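Below are the chains, spelled out letter by letter.
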Amino acid sequence: MKFHAYISKIRSFLSYKVFTALIYCLLALVLLLILYQNMKPETYDMEKFQVADKTIRSPKTIEDEMKTAEEREKAAEAVDKVYVFKKEMAQNRVSLLTSIFDFVSETNHESTQDGKEEDKKDKSKEVAIQDRLKVLKSKLTGNVSEDITDAISDSILISLLQANESDLETTKNVVIQHVESAMTEKIRDDGLNDAKKLVQKQIRSAGLPEPLEKAGEELGQYAIVPNDLYDPDLTEERKNQAMAEVEPVKILQGQIVVQEGHLIDRDTYRQLELLGLLKSNPTIKPLIGLVLFVALVIGAIYIYFSKVDLPEDKKQNYLLLSSFIFISSLVVMKIVGLIDVELNDIAFIFPAAMAPMLIKILMNERFALIMAILLAVCGSILFHDGIAGTINVEVAVYILFSGLAGVLFLSGHNERNHILRAGIFVSLINLLLILFLMLGGNGQYAPTEYLYYALYAVVSGLLSAVFTIGLIPFFEAGFGILSTMRLIELSSPNHPLLKKLLTETPGTYHHSVMVANLAESACEAIGANGLLARVGCYYHDIGKTKRPPFFIENQLNIENPHDQLPPETSRDIILAHTTDGAEELRKHKLPKEIVDIAEQHHGTSLLKFFYYKAKKENEKVTESEFRYPGPKPQTKEIAIISMADSVEAAVRSKTNPTPEEIRTLVHQIAQDKLLDGQFNECDLTLKEIEKVKKVFCETLNGIFHSRIEYPDIKQQKVIDGGTPN
């Protein structure tokens, strides 16, 4: 029993959705099992302060966050504190000193104006000084933002109040000069005392009167403040900038983490743990990543099949077929990857074009391209051994372009010699790809290595073609697939059934060829399968070989046997040719599509001639008794063959039909079948029927065109100017 027969049995117990979901789940599970071993990182049983028994390299590039944090902390600590020099503070301190001296002068001036009243009151000088001191403090407190009275002693202020105007002015100029000079330089907190001592020394050397000298020193020291100030915000900003400029510390892909024979210290152990290379600390991240990848692959396949406009059973059959080819290719990849040779890139011998070519032949070109992409991605995982990382980009590019080349170079006819020719072209593309990868990678290769890689490329292309040719029959038989190649084989006149048709029913054979020409042209005009229509037409009347003389096209120079038979008997003979043909085709194990054409090409149409003949003899005869058993055409191809069969027979019955007669016959036959409901169960549209009628007319006009009547020999001599004998 064929594989698809077992599938049909399973399908009968499950609904369409459940069975489809089961296929996707099984495909996902198999993908996980095949790819997991290559995704799972190698782990080691190591402990701290143990001597490494082998050199371990990093399988991936990963950031060492702890080291990165340490480096950034160092960069932040290396940033000096940021100070901002406030030039305006020199002028502010000078203005403060000026205000102090001005308030002293103002207070003295006010006391001088009130001097007579003071004498009358007979106040002592000490009381007067204290009064002026109070007035001065009041002025300073009310007009100066700083609390000067706490910073400067009363004795200093009294010294200023007791000084004459000239000495006070001199002291003012000396103090302001040296304070201004000092404040033009940067003064920080740690250098404040030195600046004050310098100003004190400079004022002391100015030769001021003793009381004013001390006052000047104290005022000068008071006026000196830091003008190069620490900015915490700017400092923090500089630190953040320095930290941001530190590149993340990474353990690079392929980098040696621990050398054989070296001690595994704490830092090395931490790196091994970070990379997930310790058996004591396994990670599920690769498994999660693989699950996501498989979900993407299954999703891509699901989206494609959800948009394909096919019957449910055929869609499931294609899904099973593509899944089987996909998994088989991955198994071959796995086997190739296990081959142990000196050259690590044995992956290049994998027949990458095999699966895309099979899919194109058995299904269609669009999904073949998708298959090439999926195999390239999966191959990059399965063949990543020997390099660090998860995928092998070089192998992915190689498999992708090799698969695409197989699809593009495979011609539409898909005969065996065309497949072999496509394999040769794929070998050439493989060779160019390998040369590109070798020369573009700046690697050093020995001449023998170039020879090996070239051999891999050629073998890969040829194996793709050989495997494709060898596996097609198995997939066709196992999944009930009717491929283009199979159709071409069935169209060969050497097929036993076609030989039988030609020898036993030559008229039917000729009729079948004519119908094939009409049907193929019409199918191609509306985008249907023209080759299937042609081959189906060759076999559609194979049932007539059972009783050849009872069909008019085979009644050459013999009497029509139906003239001697009752219409019911004739009916049974004519109607039986569809079921007889289907039975004969099944007996010879022809594809279901060809059997359906033989069985459905008359649908449930009425056998009019014998119906009307029987009606004359018996009025109780019903149409249903003289209709074909059906079923009605289920596909566009069968519907077109049905029209072509009737049109060819009708036009052939005419003697030298004109284009107008042909057009009328074609229109009438198509209209009759349409009104009779023969196209109700297929998706043939009215627009497509009009295209089919147009193609029929053009083809038939070409066949039955008017021919030139050539003159006989005597007439030709007269035309040439000679004299007839």
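**Q** Would you mind showing me how to read the overall build of the chain here?
**A** The helix and strand tally for the chain stands at 31 helices and 6 strands. The 725 residues of the chain split such that 44% are buried. A separation of at least 24 residues holds for 78% of the contacts in the chain among residues at least 6 apart in sequence. Working note: accessible area of the chain is about 39100 Å², and carbon and sulfur atoms make up 55% of it.

**Q** How do you make sense of the layout of surface pockets when you look at a structure like this?
**A** Empty space among the atoms becomes apparent when a probe as large as a water molecule is rolled across them. Here the second largest pocket is characterised by a volume of approximately 1400 Å³. Every element with two or more residues in the lining of the second largest pocket is listed here: α25 (567-587), α27 (608-617), α28 (636-652) and α29 (659-675).

**Q** Help me out: how do you make sense of the packing of helix α14 (residues 285-307) against helix α15 (residues 312-338) in this one?
**A** What describes two packed helices is the angle between their axes and the distance between those same axes. For the pair α14 and α15, interaxial distance at closest approach is 11 Å and the crossing angle is 150°. By the criterion of interaxial angle, the relationship of α14 to α15 is roughly antiparallel. Of the two elements, α14 crosses α15, and the hand of that crossing is right-handed. Counted together, Val297, Ile301, Phe305 and Ser306 of α14 and Lys315, Tyr318, Leu319, Ser322 and Phe326 of α15 form the full contact between these two elements.

**Q** Can you help me understand the nonpolar core in this one?
**A** The nonpolar side chains of soluble globular proteins are, as a tendency, buried together. Counting 75 residues, the largest nonpolar core has Leu31, Ile301, Phe305, Phe326, Leu330, Ile399 and Ile419 as its most contacted members. When contributions to this core are tallied by element, the ones reaching two or more residues are α2 (16-39), α14, α15, α16 (354-362), α17 (365-382), α18 (393-409), α19 (416-440) and α20 (447-479). For this core, the element with the highest residue contribution is α15, accounting for 10 residues. Not counting chain neighbours up to four residues away, the residues in contact with Ile301 comprise Tyr24, Leu27, Leu319, Phe326, Phe367 and Leu374. Of all hydrophobic cores here, the second largest spans 50 residues; its members include Ala519, Tyr538, Cys682 and Val692.

**Q** Looking at this model, I keep getting lost on the packing of aromatic side chains. Mind explaining?
**A** The description of an aromatic ring pair rests on the distance of the ring centres and on the angle between the ring planes. The tally for this structure, following the rule as stated, stands at 14 aromatic pairs. Stacked on the ring of Tyr230, the Lys or Arg Lys81 has its end atom at 5.3 Å from the ring centre.

**Q** Is there a simple way to explain α18 in this structure?
**A** Since the α-helix advances by 3.6 residues per turn, residues separated by three or four positions end up pointing in the same direction. End to end, α18 covers 24 Å across 17 residues, agreeing with the expected 24 Å (1.5 Å per residue, within 8%). Along α18, the residues that are buried comprise Val395, Ala396, Tyr398, Ile399, Ser402, Gly403, Ala405, Gly406 and Val407. Looking at the buried residues of α18, the elements they touch are α15, α16, α17, α19 and α20.

**Q** Honestly, the pattern of salt bridges in this entry has me stumped. Any pointers?
**A** Between side chains of opposite charge, a pair can form as their charged atoms come close. The full count for this structure, using the stated rule, is 26 salt bridges. Glu553 is paired through a salt bridge with Lys544; the nearest N and O atoms lie 2.9 Å apart. Of the two residues, Glu553 and Lys544, neither departs from the other in class, the shared state being buried. Notably, a salt bridge pairs Glu599 with Arg586, separated by 3.4 Å at the nearest N-O pair.

**Q** Looking at this model, I keep getting lost on the confidence of the model for the chain. Mind explaining?
**A** Caution applies to low-pLDDT regions: their predicted coordinates should not be interpreted in detail. Of the residues in the chain, 90% reach a pLDDT of 70 or more, and the chain-wide mean stands at 85. Within the chain, no element has a lower average pLDDT than helix α31 (residues 713-719), which sits at 41, and none a higher one than helix α24 (residues 530-539), at 95. Below a pLDDT of 50 lies the segment residues 713-725, which in the model reaches 6 contacts outside its immediate sequence neighbourhood of four places, other chains included.

**Q** Whenever I open this one, a nonpolar patch on the surface confuses me. Can you help?
**A** Together, Leu14, Val18, Leu22, Leu26, Leu29 and Leu33 line one region of the surface with nonpolar side chains, adding up to about 530 Å² of accessible area. If you trace the backbone, Leu29 turns up in helix α2. Judged by relative accessible area, Leu29 falls into the partly exposed class, the value being 46%.

**Q** Mind showing me how you'd approach the environment of Leu320 here?
**A** Mapped onto the secondary structure, Leu320 falls in helix α15. What makes Leu320 buried here is its relative accessible area of 14%. Taking the C-alpha atoms as reference points, Leu320 and Leu27, 293 residues apart in sequence, are found 9.3 Å from one another.

**Q** Explain the environment of Ser653 to me, please; I cannot follow it from the model alone.
**A** When you line up the elements, Ser653 lands in the loop between α28 and α29. As a C-alpha pair, Ser653 and Glu553 span 100 residues in sequence and 9.9 Å in three-dimensional space. Here the side chain of Ser653 touches Ala650 through a polar contact of 2.5 Å, landing on its backbone oxygen.

**Q** Is there a simple way to think about helix α6 (residues 125-143) in this case?
**A** With 19 residues, α6 extends 27 Å between its outermost C-alpha atoms, agreeing within 8% with the 27 Å of an ideal straight helix rising 1.5 Å per residue. What α6 keeps buried is the set Ala128, Ile129, Arg132, Leu133, Leu136, Lys139 and Leu140. Projected down its long axis, α6 carries its buried residues within an arc of 140°, all on one side. Summarising the geometry of α6, the exposed residues directed more than 90 degrees from the buried face are Lys134, Ser138, Thr141 and Gly142.

**Q** Could you clarify how one ought to interpret the packing of α17 against α18 in this entry?
**A** One way to put it is that α17 packs onto α18 with a least axis distance of 8 Å and a crossing angle of 160°. Accordingly, the angle class assigned to the pair α17 and α18 is roughly antiparallel. Judged by the twist between their axes, the crossing of α17 over α18 is right-handed. When α17 is examined against α18, the residues Glu365, Ala368, Leu369, Ala372, Ile373, Leu375, Ala376, Gly379 and Ser380 are found in contact with a partner set consisting of Val395, Ala396, Ile399, Leu400, Gly403, Leu404 and Val407. Here the residues of the contact of α17 with α18 are counted per class, giving 12 nonpolar, 3 polar and 1 charged.

**Q** Looking at this structure, I do not really get unusual backbone geometry. What am I missing?
**A** One can expect most non-glycine residues to show negative phi and most peptide bonds to be in trans. Residue Pro631 is bonded to the preceding Gly630 through a cis peptide linkage, with omega at 5°. Its location among the elements puts Pro631 in the loop between α27 and α28. Positioned with a positive phi, Lys589 is a non-glycine residue whose angle comes to about 60°. Within the secondary structure, Lys589 sits in the loop between α25 and α26 (592-600). If you check the backbone angles, Asn656 has positive phi at about 45° while not being a glycine. With respect to the helices, strands and loops of the structure, Asn656 is situated in the loop between α28 and α29. The exposure class assigned to Asn656 is exposed, which follows from its relative accessible area of 67%.

About the criteria used
Residues numbered from 1 in each chain as written. Predicted model: local features only at pLDDT ≥ 70, side-chain atom pairs only at ≥ 80, totals over all residues. Heavy atoms only, no water. Helix = DSSP H or I, 4+ residues; strand = E, 2+ residues; numbered from the N terminus. Buried < 20%, exposed > 50% of the residue type's maximum accessible area, 1.4 Å probe, protein only. Contact = heavy atoms within 4.5 Å. Areas by Shrake-Rupley, 256 points an atom, 1.4 Å probe, with all protein chains shown as cover. 1 Å grid on protein atoms, 1.4 Å probe; cavity = no way out; pocket = protein on both sides within 12 Å on 5 of 7 lines; lining within 4 Å. Points joined across faces, edges and corners; volume = space filled by probe spheres on them. Axes fitted to C-alpha atoms, helices over the stretch in contact; angles between N-to-C directions. Parallel < 35°, antiparallel > 145°, perpendicular 65-115°, else oblique. Left-handed = near helix turned anticlockwise from the far one by under 90°. Core = buried A, V, L, I, M, F, W, Y, C linked by side-chain atoms within 4.5 Å. Phe/Tyr/Trp six-rings, centres within 6.5 Å; stacked < 30°, edge-to-face > 60°. Lys NZ or Arg CZ within 6 Å of the ring centre and 35° of its normal. Expected span 1.5 Å × (residues − 1). Salt bridge = Lys/Arg side-chain N within 4 Å of Asp/Glu carboxyl O. pLDDT = per-residue confidence, 0-100. Patch = residues over 30% accessible without salt bridge, like charges linked within 9 Å, V, L, I, M, F, W, Y side chains within 5 Å. Polar contact = N/O pair within 3.5 Å; in protein donor to acceptor, adjacent residues only side chain to side chain. Arc of directions from axis to C-beta. Nonpolar A, V, L, I, M, F, W, Y, C, P; charged D, E, K, R; others polar.

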